[in-house]
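Coordinate analysis (summary)
One letter stands for each residue in the lines below.
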Amino acid sequence: FSYKVADSLSQAGFGQSTCVGIGGDPLRGTSHAQVLEMFEKDPETEAMVLIGEIGGTSEEEAAEYIRDHVRKPVVAIVLGLAAPPGKPMGHAGAIVMGGRGAYQSKVQALERAGVPVACSAGEVPQLLAQTLKQRRH
C-alpha cells in the first residue's frame, strides 16, 4: 500500500526521500516512534506520512510519541476499516488486544495527537497540503 501513497504524493507534486517498511509482526526491530524520531531530527525532512494497519499497538504508541516529541507535520492513513471485528486477518500482527489495535482506536489516538487521518491513498496529499498550509500561517 505504501507504493499507492507514494504515487499519490508524487502525482500531487510532493517528493519523498525515504520510505520505511516496518511490517506488522508482533516482534519488530524498529518501531514507528523510532522512525518518527529519526525524521524529526533530520533537517531535510519537512513532513511525515505514517501508514498503519489494524493489529498491534505501534500506531497508538506513535501517536503518543508524536504528541510529546514531534513538531513537524504528520499525516496518517490506517488500513483495515473494513476488516470484520474478531476475525484473524492473515498475520500475527493483526491481532486486536483489549480494544487497542483496532482501526477506530488507532484513528482516535492519532487524531488526539493532532494528526489528520486520511481515508484513502488519494486523500493523503490533500491532508498533507492542508497541514503544511496551516503550519505556515
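Structural notes, computed from the coordinates. (Residues numbered from 1 in each chain as written. Predicted model: local features only at pLDDT ≥ 70, side-chain atom pairs only at ≥ 80, totals over all residues. Heavy atoms only, no water.)

1. Let's talk about the pattern of salt bridges
What the rule picks out here adds up to three salt bridges. Between E59 and K106 there is a salt bridge; the shortest N-O distance is 2.1 Å. Residue E59 is located in helix α3 (residues 58-69), and its partner K106 is located in helix α4 (residues 103-112); the two are separated by 47 residues in the primary sequence. For K106, a relative accessible area of 0% gives the class buried. Between R67 and D68 there is a salt bridge, with the nearest N and O atoms lying 3.2 Å from each other. A relative accessible area of 46% means that R67 is categorised as partly exposed. For D68, a relative accessible area of 42% translates into the label partly exposed. (Salt bridge = Lys/Arg side-chain N within 4 Å of Asp/Glu carboxyl O. Helix = DSSP H or I, 4+ residues; strand = E, 2+ residues; numbered from the N terminus. Buried < 20%, exposed > 50% of the residue type's maximum accessible area, 1.4 Å probe, protein only.)

2. Quick notes on the nonpolar core
By size, the foremost hydrophobic cluster in this structure holds 22 residues, and its most contacted members are L36, I66, V70, L110 and V115. Leave out the neighbours within four places in its chain, and V115 touches I66, V74, V75, A76 and L110. Among the nonpolar cores identified, the runner-up in size contains 10 residues, and V5, L9, L127 and L128 belong to it. (Core = buried A, V, L, I, M, F, W, Y, C linked by side-chain atoms within 4.5 Å. Contact = heavy atoms within 4.5 Å.)

3. So, the side chain of E40
Tracing the backbone through its elements, the reader meets E40 in helix α2 (residues 32-41). In this structure E40 is buried but unpaired, with K72 as the nearest side chain of opposite charge at 5.4 Å. With residues up to four places along the chain from it excluded, the contact list for E40 reads M48, H69, V70, R71 and K72. (Lys, Arg positive; Asp, Glu negative; His and termini not counted.)

4. Focus: helix α5 (residues 124-136)
Here α5 is 13 residues long and its end C-alpha atoms lie 18 Å apart, about the 18 Å a rise of 1.5 Å per residue gives. Taken together, the buried positions of α5 are occupied by V124, P125, L127, L128, T131 and L132. Looking straight down α5, one finds its buried side chains confined to an arc of 160°; they lie on one side. Residues of α5 that are exposed and point more than 90 degrees away from the buried face comprise Q126, K133 and Q134. On its buried side, α5 packs onto α1 (2-11), β1 (48-53), β2 (74-79) and β3 (117-118). (Expected span 1.5 Å × (residues − 1). Arc of directions from axis to C-beta.)

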